[in-house]
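This is what each chain is made of:
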Amino acid sequence: MSSEPLIRVLLVEDNPGDARLIAESLRDAHPAFTLRTVDRLSEIRPALAAHPCDILLLDLGLPDAQGLDSFRAVQSLAPGLPIIVLSGLSDQDIAIRAVREGAQDYLVKGRFDGDTLPRVVRFAVERRRADEALRRSEARFRAAIEASPDAFAVLEAVRDASGRIWSFTLTDMNTRAEQLLGAPLSQLAGKPLDQWCPFGNSHDSIATFSRVVETRESIEQEIATESAAGTTFTLRRVYPLADGVAVFVRDITARKRLEDQLRQTQKMEALGQLAAGIAHDFRNLIAAMQGHIANARALLTPDHPALQHLEHLQSAATQASGIAGSLLRYSARTTAEKKPVRLAAVIDQAVGILRASLPASISVHTSTPDPFIFVHADPSQLQQVVMNLALNARDAMPRGGTLSISLDRIPSSSCPDGLAQLVVKDTGVGMAEDTRTKIFEPYFTTKPRGQGTGLGLSITHGIITEHGGSIAVDSKSGQGSTFTILLPAIPAPARPEAPRHAQASVNGAANPAAPSPSRHPSSSPSQPSPSPRTALLIDPNPFIREVVASMLASMHFVVLQAADIATATRLATSADRRLDLIIAASHLPDGSGEDSILQIRRSTENHSIRGIVITTSPVDAPRAENTGALPHPFRRADLAREVDRLHP
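Keep in mind that this is a model prediction, so the values were computed, not measured.

A few words now on the overall build of the protein. Along the backbone of the protein there are 18 helices and 26 strands. In the protein, buried positions account for 41% of the 648 residues. Pairs at least 24 apart in sequence give 64% of the contacts found in the protein among residues at least 6 apart. Split by element, the accessible area of the protein, about 34,500 Å² in all, is 53% carbon and sulfur.

Encoded structure:
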């Protein structure tokens, strides 16, 4: 049994003899046919409503319609239905005209045998089915092309008399392509490519398209187009057709900018890591210098003439250590941690870093009449805000000027402690109104290519918004710029840090002009010398080891020194003295400071050994029992206090 469906036929014929002959021709045909017959035009609509059909056989001579009018009437009644016209010899010309107007075919009565009619009917039905399938496929393809974010176009090759391709003309495109070209297909169809090519050099495009036609291989290209608005990057994919090409074009400008920003970010991250490493090593050297200065001061009498020089050295070393510490904090990759922050200290730290990068032609003025304005914020992010604004101000003053940073408290009905108002002002070139309205947009920059990421002010805006504040800018061309930041103020903590004018530096080191701290009781000459204890000092930096060892020696410790955990473990297990104290740097070549203390305790089976980890950031603080932390840099008095705390 055949799986092919029945072909449903509606015959419109008023001659019973002709209707019988047609029925006999279809009765034994394969695949099977079903036949329904009406004899008037007026009966077609009810018949189609009652029994849908696949094809209609139409006699051109009906009682209520004649000739071409009958065909046109049926066409309007059943649009899309395939029609085969039946005619006599006298109206064969009319039948041919009906085919021209859409009939599938025509047959002359009495001139076809029993096989002809089924064959013609099957062919007409299958052709209509194929046409419908093709239309559906084209509709799906058109819908997909229109929904695509890519511009799509079909171009046909134009050849000269010798067959050589000399240009291409546009034959089809989607709406996205019309937007890209700025004109509809009706205006561009038939025009040579060089009259509308949107990709710069049309000769290169013609050569590319010709190569695709000749080689039958697709091509993918990235194209950069320069215009007054900047550089636009497009990705073009070209595929071969019969005698032409299909072209897909996608705007990848945003992606290229993101790639550039990623490369710039990676470069800045590497630079930040390098700067952090240099700052860390530099700080270690400064710590060694400070230690030797302190030891030298302890050996001199109060009236010795060299003390004044040591005081100046100590002041310079303290300032240098503060700058290095600020760089380390600024470059640290830490999760945002909000806490009470004194804004004046943030400004001082940022300015301390900035002074080295600002030219002598730019003067910096800070004003913090209320040094105890606190906000709940991440200090490193606020420092980044001040840095971003100050560096933008620097770039806006290529010939020099004044950078002013002020902090004040203003009243607010919505905030009991008022608002912290931070103002960063420059006397630079200023901004036009159209620029001012865009400066907080990501990737917007007025700097030359390669000199600005377009992210600084966007990040600044994001940080301030995240902290519940606002940022505004007032600027005009030639009149400088003023950025005003408002943040909710909070009450001062119970023990606020001292303002900068009462400190020696931003890292909290002692004021070199202040009186020296009293000696540790263990080294006081009025007390008997205690019996010596043994300390194991682990630090990869020989300068640091030398200074700390000197401090420990003045506190009556016998000091064993090692640069790594392996060496320290060998010393601890082979020493003929019982260890009382282990002091280790937080980062060692073969592990952490806390690891070294735990390993030596296990190796010596002495878990009561006290330990101190010299830390460079809060994340380095140890968690082990009987283990303390000593932030770097530190003074002898700091070390003595920690030793006393662990050895009551």
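Back to the write-up after that little detour.
Here we have five strands laid out as an open sheet, ordered β21-β20-β22-β25-β26, and parallel in their pairing. Across the chains shown, the open sheet's two edge strands, defined by having one partner strand only, are β21 (557-562) and β26 (627-631). With strand direction ignored, the average angle separating the axes of adjacent strands in the sheet is 20°. As paired strands, strand β25 (residues 610-615) and β26 are joined by five bridges and run parallel to one another. Counterpart to V613 in the pairing with β26 is A629. The strands touched by helix α15 (residues 542-554) are β20 (533-538), β21 and β22 (581-585); relative to β21, the strand with the most contacts, the crossing angle is about 165°. Sheet strands touched by helix α18 (residues 636-646): β20, β21, β22, β25 and β26. Its angle to β26, the strand with the most contacts, is close to 170°.

This brings us to the sheet that holds strand β7 (residues 105-108). Note: strands within a sheet are paired through backbone hydrogen bonds, in either parallel or antiparallel orientation. Pairing is parallel across the open sheet formed by five strands, whose spatial order is β2-β1-β3-β6-β7. Edge positions in the sheet fall to β2 (33-38) and β7, since each has one partner strand and no second. Across the sheet, the axes of successive neighbouring strands diverge by a mean angle of 20°, strand direction being ignored. Summarising the sheet, strand β6 (residues 83-87) and β7 pair through four bridges and their orientation is parallel. Opposite V85, over in β7, you have Y106 as the bridge partner.

Now for unusual backbone geometry. We note that E605 has phi near 55°; this positive angle belongs to a residue other than glycine. Residue E605 is classed as exposed on the basis of its relative accessible area of 69%. Backbone geometry places N626, a non-glycine residue, at a positive phi of 55°. Within the secondary structure, N626 is located in the loop between β25 and β26. The exposure class assigned to N626 is partly exposed, which follows from its relative accessible area of 29%.

Our next topic: the environment of L419. As for its placement among the helices and strands, L419 is situated in strand β17 (residues 419-426). Along the chain, L419 and I490 lie 71 residues apart, while their C-alpha atoms are 8.7 Å from each other. The residues touching L419, leaving out its near neighbours within four places in the chain, are D408, R409, I410, S412, L486, L487, P488 and A489.

Let us look at the packing of helix α3 (residues 67-77) against helix α4 (residues 92-100). Where α3 meets α4, the closest approach of the two axes is 9 Å, and the angle between their N-to-C directions is 30°. Here α4 runs roughly parallel to α3, going by the angle between their axes. Of the two possible hands of crossing, α3 and α4 adopt the one that is right-handed. Two secondary-structure elements touch here, α3 through G67, L68, F71 and R72 and α4 through I94, R97 and A98. A per-class count over the contact of α3 with α4 returns four nonpolar, one polar and two charged.

The subject of this paragraph is the nonpolar core. If you look at the biggest cluster of nonpolar residues, it comprises 39 residues, and the most contacted ones within it are V375, L403, I405, F483 and I485. Looking at this core, the element that brings in the most residues is helix α11 (residues 343-354), giving eight residues. If sequence neighbours within four positions are ignored, V375 has contacts with K339, P340, V341, L343, L382, A420, L487, P488, A489 and I490.

Okay, the packing of aromatic side chains next. Under the definition given, this model contains four aromatic pairs. Residues F152 and F248 carry aromatic rings whose centres are separated by 4.9 Å and whose planes lie at 45° to one another, so their mutual orientation is tilted. In this pair, F152 is assigned in strand β8 (residues 151-159) and F248 in strand β12 (residues 244-251), connecting sequence segments 96 residues apart. Given the relative accessible area of 3%, F152 is considered buried. Given the relative accessible area of 22%, F248 is considered partly exposed. Measuring from centroid to centroid gives 5.9 Å for Y239 and F248, while their planes differ by 80°, and the two rings are edge-to-face. Here Y239 falls in the partly exposed class, since its relative accessible area comes to 34%. Following the ring pairs from residue to residue traces out a cluster consisting of F141, F152, Y239 and F248. Over the ring of F233 we find K256, and its NZ or CZ is 5.6 Å from the ring centre.

This model, assessed by the stated rule, comprises 21 salt bridges. Where R8 meets D54, a salt bridge forms, and the shortest distance between an N and an O atom there is 3.1 Å. Of the two residues, R8 is situated in strand β1 (residues 7-12) and D54 in the loop between α2 (44-50) and β3 (55-59); the sequence distance between them amounts to 46 residues. With a relative accessible area of 36%, R8 lands in the partly exposed category. What you see here is one network of salt bridges that share partners, running through E13, D18, D59 and K109.

A few words on helix α12 (residues 379-395). The terminal C-alpha atoms of α12, which comprises 17 residues, lie 24 Å apart, in line with the 24 Å expected from a rise of 1.5 Å per residue. By the burial criterion, the buried members of α12 are Q381, L382, Q383, V385, V386, M387, N388, L389, A390 and A393. A distance of 3.0 Å separates the backbone nitrogen of Q381 from a side-chain oxygen at the start of α12, and that oxygen is part of D378.

It is worth spelling out the environment of A420 at this point. Structurally, A420 can be placed in strand β17. Judged by its relative accessible area of 2%, A420 falls in the buried class. Distance in space between the C-alpha atoms of A420 and D408 is 6.0 Å, their sequence separation being twelve residues. Among residues more than four places away in sequence, those in contact with A420 are L343, I373, V375, L407, D408, I485, L486, L487 and A489.

Interaxial distance between helix α16 (residues 565-574) and helix α17 (residues 593-604) falls to 10 Å at its minimum, and their mutual angle equals 30°. In this view, α16 runs roughly parallel relative to α17, as classed from their interaxial angle. The two elements α16 and α17 cross, and the hand of that crossing is right-handed. Contacts between α16 and α17 involve I565, A568, T569, A572 and T573 from the first element and D595, S596, Q599, I600, S603 and T604 from the second. Residue composition of the contact of α16 with α17, grouped by class: four nonpolar, six polar and one charged.

Each value, and the rule that gives it
- Residues numbered from 1 in each chain as written.
- Predicted model: local features only at pLDDT ≥ 70, side-chain atom pairs only at ≥ 80, totals over all residues.
- Heavy atoms only, no water.
- Helix = DSSP H or I, 4+ residues; strand = E, 2+ residues; numbered from the N terminus.
- Buried < 20%, exposed > 50% of the residue type's maximum accessible area, 1.4 Å probe, protein only.
- Contact = heavy atoms within 4.5 Å.
- Areas by Shrake-Rupley, 256 points an atom, 1.4 Å probe, with all protein chains shown as cover.
- Pairing = 2+ DSSP bridges.
- Axes fitted to C-alpha atoms, helices over the stretch in contact; angles between N-to-C directions.
- Parallel < 35°, antiparallel > 145°, perpendicular 65-115°, else oblique.
- Left-handed = near helix turned anticlockwise from the far one by under 90°.
- Nonpolar A, V, L, I, M, F, W, Y, C, P; charged D, E, K, R; others polar.
- Core = buried A, V, L, I, M, F, W, Y, C linked by side-chain atoms within 4.5 Å.
- Phe/Tyr/Trp six-rings, centres within 6.5 Å; stacked < 30°, edge-to-face > 60°.
- Lys NZ or Arg CZ within 6 Å of the ring centre and 35° of its normal.
- Salt bridge = Lys/Arg side-chain N within 4 Å of Asp/Glu carboxyl O.
- Expected span 1.5 Å × (residues − 1).
- Polar contact = N/O pair within 3.5 Å; in protein donor to acceptor, adjacent residues only side chain to side chain.

Shape descriptors only; they carry no functional weight alone.
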